[in-house]
Amino acid sequence: MKVGMLHSATMLPAFLLLFFMGTSIRLSETMSRDEKSKLRNQVLEMFDHAYQNYMDHAYPADELMPLTCRGRVRGLEPSRGDIDDALGKFSLTLIDTLDTLALLNKTVEFEAAVRRVVKDVRLDNDIVVSVFETNIRVLGGLLGGHSMAVMLKESGRMLWYQNELLHMAKDLGLRLLPAFNTSSGLPYPRVNLRYGVRGPETRTGTETDTCTACAGTIILEFAALSRFTGDPTFEAHARRALDFLWEKRQRNSNLVGTTINIHSGEWVRRDSGVGAGIDSYYEYLMKAYILLGDDQFLQRFNTHYASIMKYISQPPLLLDVHIHKPLLPARTWMDSLLAFFPGLQVLKGDIRPAIETHEMLYQVTKKHNFLPEAFTTDFRVHWAQHPLRPEFAESTYFLYKATRDPYYLEVGRTVLENLNRFARVPCGFAAMKDVRTGSHEDRMDSFFLAEMFKYLFLLFAEEEDLPFNVEDYIFTTEAHLLPLSLSTASNSQAPPVVNNMAGEELDDSNFEWTCPNTRLLFPDPAFPRNLREPIRSAVDKSCPRPTTHREPGMGRPPLRAQDFMANNPEHLELLRRMGVSLIHLKDGRVQLVQHATQAVSAVAAEDGMRFMQEMMELSSQQQKEQLPPRAVQIVSHPFFGRVVLTAGPAQFGLDLYKSSSGVRGFVTVAEPYNGCTELSNSEIVAGRIALLQRGQCMFAEKARHIQKAGAIGGIVIDDNEGSSSDTAPLFQMAGDGRNTDDVSLPLLFLFHKEGNILLEALKEYKEVEVLLSDKARDRDGAEEEDCSTEEKGHSSSTSSEPVDQSQVTTQEQTAEDAVVGQDSVQPAEGLGSYIPVDVGEEPAVDGDSGSQSMDSLMADWQEDLEAFKQMEKDEL
């Protein structure tokens, strides 16, 4: 959500008040011009680092892969599913970055980039792309680049420019138009750039559903294209789509759902919020009014906004509800895309809730360094990814623009520091795969260059630092610049307004023609700070530091499953008294077997049955929980802590979760590489972290051999080529059924892809130093305050126990117990009722125990998964 100052003669002057009032407000200590200048220069340096690495290592590919320093070309890299629909082999990042270059005063680079786009980019590729993504990123990028080129030409530069980018934009617009050939006017979500929508043979035209934002975030780019070219067709199609969405709103709640059938208009997903799937629909209603001067768009926005504040807004939270039952919450978590909403509220003039929600988001950011992709109502991690989204920086800029409160400059400083400390890598900036550990994903989306650096630069820039007056432009949802002068384009070029509200008079009560004077809104300069303080306290209280778990007390029979330690002799004696025995199998696994007749008493036999039932329930529950990842951080030259690899932990050895500093050392390859016998290169391994290959023996055996050689830690690398934590769940490495108290060093597991990054670094630089820890540290070694995940924070009774029960399975007697790391899967056999305990490398699949509760959990999980897939699909 982005907008500049409104100077069009057709706009209501009241909107101007929002940015002019409040210039005298100083709620925090003023930042000096020198300090702002340093931060502004830091933004420029960071942009140069990202942009130049894209040009050096990725162009003409669509995006940069910053961990492997190469371009992402669709079809050559493993498919990421719907998220790849943004890639069309049209140098996406370069087009998306054009007007950023102009705004950041990089005129020479901008002119060179325009020449490259005109010369190199082809739009007639036989490839299926997302209509939504292509519109906001590529069409918007071409139009923004054209606007900047025209501005520079008028000032005497780029005199050679003859509207080449505009011609490309019209060509692309015509290629998108076939998607709108539906009975409703809502576009198909995908289109083939060469063949349009022709059915299965072009891999298009078979979809039935689209998200509300996908269909409702077209009007700015299409209207601008119509008014630049004089062809009304584009604006007409975008208006028709918006009209249909408005007509299909739920009339009682005045809310819209998240997903709609493009043929029937039926709501497929009836949950409604301001985040993924809907967000920019609301944004474009407001901005369509600003750019086009059509009162109808403002009325629609105000109607929706009143319902949002009535049902969805629960300050400082914004929670999804059902459109037919708006008092009924649809979920207990929020996604990071709603971070744009405080900025939209600033544009609306509703400053108080904007301050409150933004402060909540800032406190969550401070807890996790970045906004997790989704977080719960008590501010814990729900989805741990963070693809360097710019929405929080966007709202920070607009709140500073409205209030001039230096507090928001400090917020911006925090964003800058976290990007440099945790996301910066030698070849750019890498998305965060897990904000809890600081591990990276080989991804730098084009919106990072298109949006993040615009807002951060504008936040710290003085008026004289800007090459043009940004208040003469409106920002699209991708932060592309469209001139407000388009609002005065000849009406003869614009299509007639289609009135789908026959019989409905414009209700003046829905028009808020004035914005609040911030001097009257905040008569006390401390008032905004007073709004922030209780929110900061609420987040701190809801997300405390993890507690330290005590060892279970002895002499308290009966033994509880969550307290059981397989290597504790007293626990084994208690099991024996209950008729439960622990059997070591030849393949390294152990089984828990109960024979009630062998219990010392009937009461003990009952306790044994209860223990077995608890063990099955605990195993069933914990096998479905996400395993806690660990981090391998490369800290030596030239990485300096910027590359973080997601690693799986071991159930034995040093627990990095309880280590404040982790283990740091240089890596070396063990000989033999599998580590299954005593090492022949002990003199080299001593004092270092040994690299080992997975397989041929148990993990604990590998750990003992490298420990005997004097290693300070170990990393096991998967030998299954192509495996990656991107596609496979991490797992804990179990012991070997024996007492593993003798293992005192940490052992971590890397899949093949992550392990290969480490091996390639060792091959290239010879001496590679890493830090093994529970999460990435900054380059000074300081640990950030961590607010743990849902699992960490809520599973206090089990998550840090000496034996993690995820190794315990709940299978029937004939079920198979998979032991990863061995070459075969063998059936576990025994007498009586038993529970096999996996001492291999990954847990087996749960059985039928507790199927009713499992069905309920699976239903909840499936709903969350579908919502997450929708977010990635929409790529908002």
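Above this text is the structure in question.
K.L.:
Any chance you could explain the overall build of the protein here in plain terms?
P.N.:
Within the protein, the regular secondary structure consists of 25 helices and 30 strands. Within the span of the protein, comprising 876 residues, buried residues form 62% of the whole. Taking contacts inside the protein between residues at least 6 apart in sequence as the whole, the part at least 24 apart equals 73%. Accessible surface, the protein as shown: approximately 32800 Å² in total, 49% of it carbon and sulfur.

K.L.:
What's the story with the nonpolar core in this structure? I'm lost.
P.N.:
Side chains of nonpolar character tend, in soluble globular proteins, to be buried together. Core analysis: the largest hydrophobic core is formed by 167 residues, its most contacted members being Phe110, Leu419 and Phe429. Apart from the residues lying within four places of it in its own chain, the contact partners of leucine 419 are Met46, Phe370, Leu388, Arg424, Phe429, Phe448, Met452 and Leu456. By size, the runner-up hydrophobic cluster in this structure holds 25 residues, among which are Phe639, Ile717, Leu750 and Ile757.

K.L.:
Looking at this model, I keep getting lost on the packing of aromatic side chains. Mind explaining?
P.N.:
Each aromatic ring pair is described using two quantities: the centre-to-centre distance and the angle formed by the ring planes. For the structure on display, the rule yields 26 aromatic pairs. Between tyrosine 455 and phenylalanine 475, the aromatic rings sit 6.1 Å apart at their centres with planes inclined by 40°, giving tilted as the arrangement. Separated by 20 residues along the polypeptide, tyrosine 455 in helix H16 (residues 446-460) and phenylalanine 475 in strand S19 (residues 473-475) bring together distant segments of the chain. Of the two residues, tyrosine 455 and phenylalanine 475, neither departs from the other in class, the shared state being buried. Each residue in the set Phe47, Tyr51, Phe429, Phe448 and Phe453 is aromatic and connected to the rest through ring pairs, giving one cluster. Sitting over the face of the ring of tyrosine 59, arginine 116 holds its NZ or CZ atom 6.0 Å from the ring centroid. A cation over a ring is seen here: arginine 532 above tyrosine 407, with NZ or CZ 3.7 Å from the ring centre.

K.L.:
I would appreciate a short explanation of the pairing of strand S29 (residues 769-773) in the present structure.
P.N.:
On a regular strand, each side chain points to the face opposite its neighbour's, so the side chains alternate between the two faces of the sheet. Within S29, five of the five residues are buried, which leaves it mostly tucked inside the rest of the structure. Of the two faces of S29, the one holding Glu769, Leu771 and Ser773 and the one holding Val770 and Leu772 are both buried throughout.

K.L.:
I tried to follow the sheet that holds strand S14 (residues 381-383) on my own but got confused; where do I start?
P.N.:
Whenever strands of a sheet pair, they do so through backbone hydrogen bonds, lying parallel or antiparallel. One open sheet accounts for three strands, arranged S12-S13-S14; its pairing is antiparallel. Strand pairing shows two members of the sheet lacking a second neighbour, strand S12 (333-335) and S14, which therefore form its edges. Ignoring which end each strand starts from, the neighbouring axes of this sheet average 30° apart. Relative to S14, strand S13 (residues 374-376) runs antiparallel, the two sharing two bridges. Paired with phenylalanine 375 across the bridge in S14 is valine 381.

K.L.:
Hey, could you run me through the pattern of salt bridges in this one?
P.N.:
When the charged atoms of two side chains with opposite charge come close together, those side chains can pair. In total, this model carries 46 salt bridges according to the counting rule given. Here arginine 80 ties to glutamate 63 by a salt bridge, and the two come within 3.9 Å at their closest N and O atoms. Residue arginine 80 is located in the loop between strand S2 (70-72) and helix H3 (92-103), and its partner glutamate 63 is located in strand S1 (residues 63-65); the two are separated by 17 residues in the primary sequence. With its nearest N and O atoms 2.8 Å apart, the salt bridge here joins glutamate 283 to lysine 287. One end of the pair, glutamate 283, and the other, lysine 287, are both in helix H10 (residues 279-292), four residues apart, so they sit about a helical turn from each other. Of the two residues examined, glutamate 283 and lysine 287, each falls in the buried class. Overlapping salt bridges, with partners in common, bring together Glu63, Arg80, Asp84, Glu133 and Arg137 in one network.

K.L.:
I would appreciate a short explanation of the side chain of threonine 396 in the present structure.
P.N.:
Tracing the backbone through its elements, the reader meets threonine 396 in helix H14 (residues 391-403). A polar side-chain atom of threonine 396 sits 2.8 Å from the main-chain carbonyl oxygen of phenylalanine 392.

K.L.:
Sorry if this is basic, but what is going on with unusual backbone geometry here?
P.N.:
Keep in mind that most residues, glycine aside, have a negative phi and that most peptide bonds are trans. The omega torsion of the bond from proline 315 to proline 316 falls at 5°, within 30 degrees of zero and hence cis. Along the chain, the position of proline 316 falls in the loop between strand S9 (313-314) and strand S10 (317-318). Residue glutamate 671 is joined to proline 672 through a cis peptide bond whose omega torsion reads 5°. Notably, lysine 766 is not glycine yet its phi reads approximately 65°, a positive angle. On the secondary structure map, lysine 766 appears in the loop between helix H23 (752-765) and S29.

K.L.:
How should I be thinking about the state of the cysteines in this particular structure?
P.N.:
Simply put, disulfide is the name for a covalent bond between the sulfur atoms of two cysteines. Using the criterion set out here, one finds three disulfides in the structure. Through a disulfide, cysteine 211 is tied to cysteine 214; the S-S separation comes to 2.1 Å. Residues cysteine 211 and cysteine 214 share a disulfide whose torsion about the S-S bond is about 90°; that sign makes it right-handed. The residues cysteine 211 and cysteine 214 share a single accessibility class, namely buried. Residue cysteine 676 pairs covalently with cysteine 697 via a disulfide, S to S 2.1 Å. Between cysteine 676 and cysteine 697 the disulfide shows an S-S torsion of about -85°. By sign, it is left-handed. Within this pair, whereas cysteine 676 is found in the loop between strand S25 (663-669) and helix H21 (682-685), its partner cysteine 697 is found in the loop between strand S26 (689-693) and helix H22 (699-708), the two being separated by 21 residues in sequence. Cysteine 697 gets classed as buried once you look at its relative accessible area, which sits at 6%.

Reading the values: the criteria
- All chains use their own residue numbering, which begins from 1 and follows the written sequence.
- Restriction of local features to residues with pLDDT of at least 70 applies here, the model being predicted, together with a cutoff of 80 or more for giving and counting side-chain atom pairs; totals for whole chains, interfaces and linings are based on all residues.
- Heavy atoms from the whole structure form the basis of all side-chain values; hydrogens and water molecules are not counted.
- What counts as a helix is a DSSP run of H or I of at least four residues, what counts as a strand is a run of E of at least two, and both are numbered from the N terminus.
- When a residue's accessible area, from a 1.4 Å probe over protein chains only, is under 20% of the maximum for its type it is buried; when over 50% it is exposed; and in between it is partly exposed.
- Between two residues, a contact is recorded if the distance between any of their heavy atoms is within 4.5 Å.
- Computed with a 1.4 Å probe, the accessible areas rest on the Shrake-Rupley method; for each residue, only the protein chains presented here act as cover.
- For this analysis, a nonpolar core means a set of buried residues of the types Ala, Val, Leu, Ile, Met, Phe, Trp, Tyr and Cys, connected via side-chain atoms within 4.5 Å.
- For Phe, Tyr and Trp, where Trp contributes only its six-membered ring, two rings pair if their centres lie within 6.5 Å, and the inter-plane angle classes them as stacked under 30 degrees, edge-to-face over 60, or tilted in between.
- Charge over a ring is defined by NZ of Lys or CZ of Arg lying within 6 Å of the ring centre and within 35 degrees of the ring normal.
- A pair of strands is treated as paired once DSSP finds two or more bridges between them.
- A fitted line through C-alpha atoms represents every axis, and for helices the fit uses only the stretch in contact; the resulting angles, taken between N-to-C directions, go from 0 to 180 degrees.
- For this document, the term salt bridge refers to a Lys or Arg side-chain nitrogen within 4 Å of an Asp or Glu carboxyl oxygen.
- Counting of polar contacts relies on pairs of N or O atoms within 3.5 Å, with two restrictions inside protein: one atom must be capable of donating a hydrogen and the other of accepting it, and residues adjacent in sequence are counted only when both atoms are side-chain atoms.
- To count as a disulfide, a pair of cysteine sulfur atoms needs to be within 2.5 Å.

These figures capture arrangement, not role.
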